[in-house]
Number of protein chains: 2
Amino acid sequence: MRNKPRPVGEQVSDLTAGRLSVYLRCLTSLEAAGVKTTSSKALAAAFHLNAAQIRKDLAYFGEFGVRGVGYYVSELKAHLRAILGLDRPVRVGILGAGNLGLALADYQGFQEEGFVIVGLFDTAPAKIGGKSRNGVRISDLAEFKRLAAAGEVDIAAVAVPGDAAQSVVDLIVAGGVRAILNFSRGAVRVPAGVKLKNVDLTVSLESLSFFLARGEASGPIR
Amino acid sequence: MRNKPRPVGEQVSDLTAGRLSVYLRCLTSLEAAGVKTTSSKALAAAFHLNAAQIRKDLAYFGEFGVRGVGYYVSELKAHLRAILGLDRPVRVGILGAGNLGLALADYQGFQEEGFVIVGLFDTAPAKIGGKSRNGVRISDLAEFKRLAAAGEVDIAAVAVPGDAAQSVVDLIVAGGVRAILNFSRGAVRVPAGVKLKNVDLTVSLESLSFFLARGEASGPIR
DNA sequence: TTTTGTGAACTAGTTCACAGCT
DNA sequence: AGCTGTGAACTAGTTCACAAAA
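Attention in this report is confined to the structure presented alongside it. The model shown is predicted, which means the values in this text are computed figures rather than measured ones. (Residues numbered from 1 in each chain as written. Chains lettered and ligands numbered in written order. Predicted model: local features only at pLDDT ≥ 70, side-chain atom pairs only at ≥ 80, totals over all residues. Heavy atoms only, no water.)

### What about the interface of chain A and chain B?
If you look at the interface, chain A gives 79 residues, while chain B gives 78 residues. Taken together, both faces of the contact between chain A and chain B bury some 7000 Å²; the carbon and sulfur share is 63%. The interface formed by chain A and chain B contains six salt bridges. We note a salt bridge from Glu112(A) to Arg185(B), for which the minimum N-O separation is 2.8 Å. Applying the counting rule to chain A against chain B returns 16 residue pairs in polar contact (both at pLDDT 80 or more). For the side of chain A that touches chain B, the element with the most residues is helix 9 (residues 201-214) of chain A, which contributes 14 residues. By residue class, the composition of the side of chain A that touches chain B is 43 nonpolar, 17 polar and 19 charged. (Contact = heavy atoms within 4.5 Å. Buried area = accessible area lost by both parts, 1.4 Å probe. Salt bridge = Lys/Arg side-chain N within 4 Å of Asp/Glu carboxyl O. Polar contact = N/O pair within 3.5 Å; in protein donor to acceptor, adjacent residues only side chain to side chain. Helix = DSSP H or I, 4+ residues; strand = E, 2+ residues; numbered from the N terminus. Nonpolar A, V, L, I, M, F, W, Y, C, P; charged D, E, K, R; others polar.)

Shown next as structure tokens:
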């Protein structure tokens, strides 16, 4: 099970990164089901993926498989967690304590995968000092600045009104946080060296509306 | 401004559909700023897109531009709204009245674009009869079935726990709804003829974690 | 002249198919 | 025999570059 040296300088696509996360979930569910070993073919069949693509995605990070056998579920799972940086706590700060921010703070999926919500941050005095249903405290944006500057935030999630988005993002970047998950509407700019991922709910709904309007439908699972 | 016959049978990619929605937002903001006319080059420069791609995406649906001039902002905006099916109300039902479902029901962006939230639907008796902060009523899932069967729901948004997702999706499909926005974790299957769009919050966070772990960062705005 | 609309060229991403291990 | 890892082939998506129109 020797791993070949990784092509460390090379750029991995966003699509590959997303799939790694999907593979991890598949493995978690297989492990929970008591499955010890699997193969790219079995994974592909069970989760509607392409076997060659799974192999290629994984092979990119090392030789995790055993020819003639396949992959050991918990071993591969551990590798994936390490590759995804989930082998240590990943600390997430949420900016904007509106409905969406509060929902994100209490979202079960994040806790399950080992993300740590460091807090909710807002500027509205009425919100500061409050808590989400599950008890995530709402603090002043200044407190976020302090945490970020102290290197205590790995990822910032932005759930503020569209017109505040760019200034909040600038503040995050100034604080030295290098990964941003943006739920706000409208394009936001980040300097090189900061990874930005946009989740635009309106765009998602509008694409669906588009396909309805076209009379088209059907498509692959992801 | 004669439009050529549209290639009606042809499949439009998800990426194109998403971009149309982005273009619409750009135009809305230009219109609000009082800009009467624009060009693919100007749009590209202002919103960090590629001019040729904008032209190609638009040209796919007709000849909306004027050579030597560009595009008339409000005219193109109206065309885009029609193409996206937003020229009539699009009715959205939200399944799952948890934190996320409630946040979606009250999400400003949807109202602004003309989506109509027909209701929140859940199975928990404690939730049924309640309302979201903004007053969206929570009804029994049976009521969703009735509305769907009556053709009163265009898009279903799924925000239920992962293990309930597939059964809820099956119910939606059985009700004849042909577009689903899925926020639940885990792969969900739909038959051909139903358009499914997954928004997986965990996958989004994990990709960011991955890029952090790799020490890579930077990337284009969308 | 300016800017569209679009074929051609290019780039990225996926799938095939098989050599090489176990 | 069975399955991985991977070059080659293919497919999809983007960008270039220019003829045609206003």
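The rest of the description comes next.
### Describing the layout of surface pockets
Each pocket or cavity is described by its volume, and for the second largest pocket that value is around 1100 Å³. Lining the second largest pocket are 49 residues, with Val160(A), Pro161(A), Gly162(A), Ser184(A) and Arg185(A) sitting closest to its centre. Those elements that provide at least two residues to the lining of the second largest pocket are helix 5 (99-105), strand 4 (115-122) and helix 8 (162-174) of chain A together with helix 1 (14-32) and helix 6 (108-112) of chain B. Ranked by residue count, the leading element in the lining of the second largest pocket is helix 8 of chain A, at six residues. Its residues assigned to classes, the lining of the second largest pocket comprises 22 nonpolar, 16 polar and 11 charged. (1 Å grid on protein atoms, 1.4 Å probe; cavity = no way out; pocket = protein on both sides within 12 Å on 5 of 7 lines; lining within 4 Å. Points joined across faces, edges and corners; volume = space filled by probe spheres on them.)

### Points about the sheet that holds strand 5 (residues 138-140) of chain B
Within a sheet, adjacent strands bond to each other through the backbone by hydrogen bonds, running parallel or antiparallel. Taking strand neighbours across the sheet as the criterion, the six strands line up as 5-4-3-6-7-8 (chain B) in an open arrangement whose pairing is parallel. Strands with a single pairing partner mark the edges of an open sheet, and in this sheet they are strand 5 and strand 8 (195-198) of chain B. Across this sheet, the average inter-strand angle for adjacent strands is 25°, counted without regard to direction. As judged from the four bridges shared by strand 7 (residues 179-182) of chain B and strand 8 of chain B, these two strands associate in the parallel manner. Residue pairing for strand 8 of chain B: Ile180(B) is matched across the bridge by Leu196(B). Each of strand 3 (90-95), strand 4 (115-122), strand 6 (155-158), strand 7 and strand 8 of chain B touches helix 9 of chain A; the most contacted strand, strand 7 of chain B, lies at about 165° to it. Here helix 7 (residues 141-149) of chain B sits on the sheet and contacts strand 3, strand 4, strand 5 and strand 6 of chain B; the angle it forms with strand 5 of chain B, its principal contact strand, is near 85°. (Pairing = 2+ DSSP bridges. Axes fitted to C-alpha atoms, helices over the stretch in contact; angles between N-to-C directions.)

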